[in-house]
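# Observations on chain architecture
Okay, here's what each chain looks like letter by letter:
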Amino acid sequence: MTAPANQLRATPPAGHALNVEKIRAEFPILHQQVHGKPLVYLDNAATSQKPRDVIDAISRYYERDNANIHRGVHALSERATEAYEAARCAAQNFLGAALPSEIIFVRGTTEAINLVAQTFGRTRVGAGDEVIVTTMEHHSNIVPWQMLCGEKGAKLRVAPISDRGELDLEEFQKLLGPKTRLVALTHVSNALGTINPIREIVRMAHDRNVPVLVDGAQAVPHLKVDVRDLGCDFYAFSGHKVYGPTGIGVLYGKSDLLAAMPPYQGGGDMISSVTFEKTTYNKVPFKFEAGTPDVAGAIGLGAAFAYVNGLGIEKIGAHEHALLAHATEAVSAIPGVRLIGTAPQKAGVLSFLIDDIHPHDIGTILDQEGIAIRTGHHCSEPVMHRFGIPATARASFALYNTFQEVDALVRGIAKVREVFA
Ligand code: PMP
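Quick look at the structure, then.

Calculation rules
- Residues numbered from 1 in each chain as written.
- Predicted model: local features only at pLDDT ≥ 70, side-chain atom pairs only at ≥ 80, totals over all residues.
- Heavy atoms only, no water.
- Pairing = 2+ DSSP bridges.
- Helix = DSSP H or I, 4+ residues; strand = E, 2+ residues; numbered from the N terminus.
- Axes fitted to C-alpha atoms, helices over the stretch in contact; angles between N-to-C directions.
- Contact = heavy atoms within 4.5 Å.
- 1 Å grid on protein atoms, 1.4 Å probe; cavity = no way out; pocket = protein on both sides within 12 Å on 5 of 7 lines; lining within 4 Å.
- Points joined across faces, edges and corners; volume = space filled by probe spheres on them.
- Nonpolar A, V, L, I, M, F, W, Y, C, P; charged D, E, K, R; others polar.
- Buried < 20%, exposed > 50% of the residue type's maximum accessible area, 1.4 Å probe, protein only.
- Arc of directions from axis to C-beta.
- Domains from an automatic or database assignment.
- Lys, Arg positive; Asp, Glu negative; His and termini not counted.
- Salt bridge = Lys/Arg side-chain N within 4 Å of Asp/Glu carboxyl O.
- Polar contact = N/O pair within 3.5 Å; in protein donor to acceptor, adjacent residues only side chain to side chain.

On the basis of which strands lie adjacent, the open sheet formed by four strands has the order E13-E14-E17-E16 and antiparallel pairing. With one partner strand each, in any of the chains shown, strand E13 (337-340) and strand E16 (374-376) form the two edges of the open sheet. On average, each strand axis in the sheet is tilted by 30° relative to the strand beside it, whichever way the strands run. Examined bridge by bridge, E16 and strand E17 (residues 392-396) share three bridges and lie antiparallel to one another. The residue bridging glycine 376 from the neighbouring strand is threonine 392, located in E17. Here helix H11 (residues 313-332) sits on the sheet and contacts E13 and strand E14 (349-354); the angle it forms with E14, its principal contact strand, is near 10°.

A few words on empty space enclosed by the protein. Under the criterion given, the structure shown has two cavities of 30 Å³ or more. Within this model, the second largest cavity holds a volume of roughly 50 Å³. In terms of lining, the second largest cavity is formed by Asn44, Ala45, Ser48, Gln218, Pro221, His222, Lys241, Tyr243, Phe397 and Ala398. Broken down by class, the residue content of the lining of the second largest cavity amounts to five nonpolar, four polar and one charged.

Turning our eyes to something else, we now look at helix H5 (residues 143-152). Every buried residue of H5 is accounted for by Pro144, Trp145, Leu148 and Cys149. Seen along its axis, H5 keeps its buried residues to an arc of 130°; they face one direction. Those residues of H5 that are buried lie in contact with helix H4 (109-124), strand E5 (130-134), strand E6 (155-159), strand E7 (180-186) and strand E8 (212-215). Positioned one or two residues after H5, glycine 153 has a phi angle of 75°, which is positive.

Attention now moves to the layout of surface pockets. Considering only enclosed or pocket space, the largest pocket measures out at about 500 Å³ in volume. Taken together, 22 residues form the lining of the largest pocket, with His187, Ile195, Asn196, Pro197 and Ile198 sitting closest to its centre. At the level of secondary structure, the elements contributing two or more residues to the lining of the largest pocket comprise helix H7 (198-207) and helix H8 (227-230). Here the lining of the largest pocket takes three residues from H7, the largest share from any one element. Here the lining of the largest pocket is composed, by residue class, of eleven nonpolar, five polar and six charged. Formed jointly, the lining of the largest pocket draws a minimum of three residues from each of two domains, domain 1 (5-31 + 312-419) and domain 2 (55-309). Taken together, 26 residues form the lining of the second largest pocket, with Ala46, Thr110, His138, His240 and Lys241 sitting closest to its centre. The leading source of residues in the lining of the second largest pocket is H4, at three residues. Across the lining of the second largest pocket, the residue classes tally to six nonpolar, 13 polar and seven charged. Each of domain 1 (5-31 + 312-419) and domain 2 (55-309) gives at least three residues to the lining of the second largest pocket.

Take the side chain of glutamate 102 next. Topologically, glutamate 102 is positioned in the loop between helix H3 (75-95) and strand E4 (103-106). Although glutamate 102 is buried, it forms no salt bridge, and the closest oppositely charged side chain is arginine 228 at an N-O distance of 6.1 Å. In contact with glutamate 102, not counting residues within four places along its chain, are Ala97, Leu251, Tyr252, Gly253, Lys254, Ser255 and Leu258.

Let us now look at the side chain of glutamine 218. Relative to the helices and strands, glutamine 218 is located in the loop between E8 and H8. There is a polar contact of 2.8 Å between the side chain of glutamine 218 and the backbone oxygen of alanine 45. If we skip the residues at most four places from it in the chain, glutamine 218 touches Ala45, Val188, Ser189, Asn190 and Lys241.

Here we take up the sheet that holds E5. Here we have seven strands laid out as an open sheet, ordered E4-E10-E9-E8-E7-E5-E6, and mixed in their pairing. Edge positions in the sheet fall to E4 and E6, since each of these pairs with one other strand and no more. Direction aside, the axes of adjacent strands within the sheet are offset by 20° on average. Here E5 pairs with E6 via five bridges, running parallel. Note on E6: the bridge partner recorded for valine 133 is valine 158. Sheet contacts for H4: E4, E7, E8, strand E9 (234-238) and strand E10 (249-253); angle to E9, the most-contacted strand, approximately 155°.

Encoded structure:
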């Protein structure tokens, strides 16, 4: 899907063009001015905007079907339950999972990883054991493991990355050993854009009987993900980065692993019977969904999957790749610009620095031009330490972005340089 850097294409291959003008009409938020300029939204790695279909699905649910699920015998409760469980099947299909019960609805990637750390991790990781992560992880795929290792007397091992921001597979393989209990790594880096070779990594880990958790927060909006093809044991992502609502996300887990894991939180719905002497737990996935879930969120996420499937994830990926190629060429040609993250396999993210201008100043000046980018450490402080920098400016692309918007970014960067000249 993503060509090496020296083959970056600025136009999608034939048959892969999206009708971006039509698509933009489906996203109400895009049609506004910011500081008197048309909004150019390039902060999609933080969160993406929502199409009318998703907004309508949520409104329709509250207008017609809202009720608590799984417990009611009345019509509204049955409709709400059906819609919620249909969203689970949509997530199953989106990820290529074998069963709907392998899909657990959570708040987002962060909660999914904490769930695995606190259940699978707490029962499988003991004193002297090791958990492997990589330098390019988001804090949400570092801190839960650090907490677990601290509690258990286990060790967090970190696989290094190269100057281009690629995982060093040789060093990674050397870290895999008899004490390794889990590998937890990102599919796509939010700070660098690097796409990791997950299938190969899973094969290396499985050769040693080590399970693998993949943080897919930055992958599912851009790449076709098939968890059975990847072979991973857990896969986590957030709805809000894939055109769905905030507050909902997915944890995929292989059914035998989920069945053996203790519950995460206790409460309603996760039990099959309760007495003061003994509680027995519900079956998977309900065992992991204590309390009233985000029903509207799940339904909105189901609508987001339908939207993405309707356009075709391959076409979306090809369009974003063309935007990234154009942006990479144009931005790197600006004097004083340094790109952070130049791996041949990248998705949707352009992190950069301009001379010694602080990224926050870059972001503030671009905001005055109506251009929304993110600045800071992107919740990936170890990446910043690896490159010896405090922060970057990051533009990130989505299916509704245009080449004209990339050109606006390039003009904005020229303006930043003028201000600091
Ligand atoms: N992992 C990655 C790679 C991310 O980019 C993010 C969000 N920036 C997260 C995890 C955390 O996602 P959330 O805040 O939605 O839980």
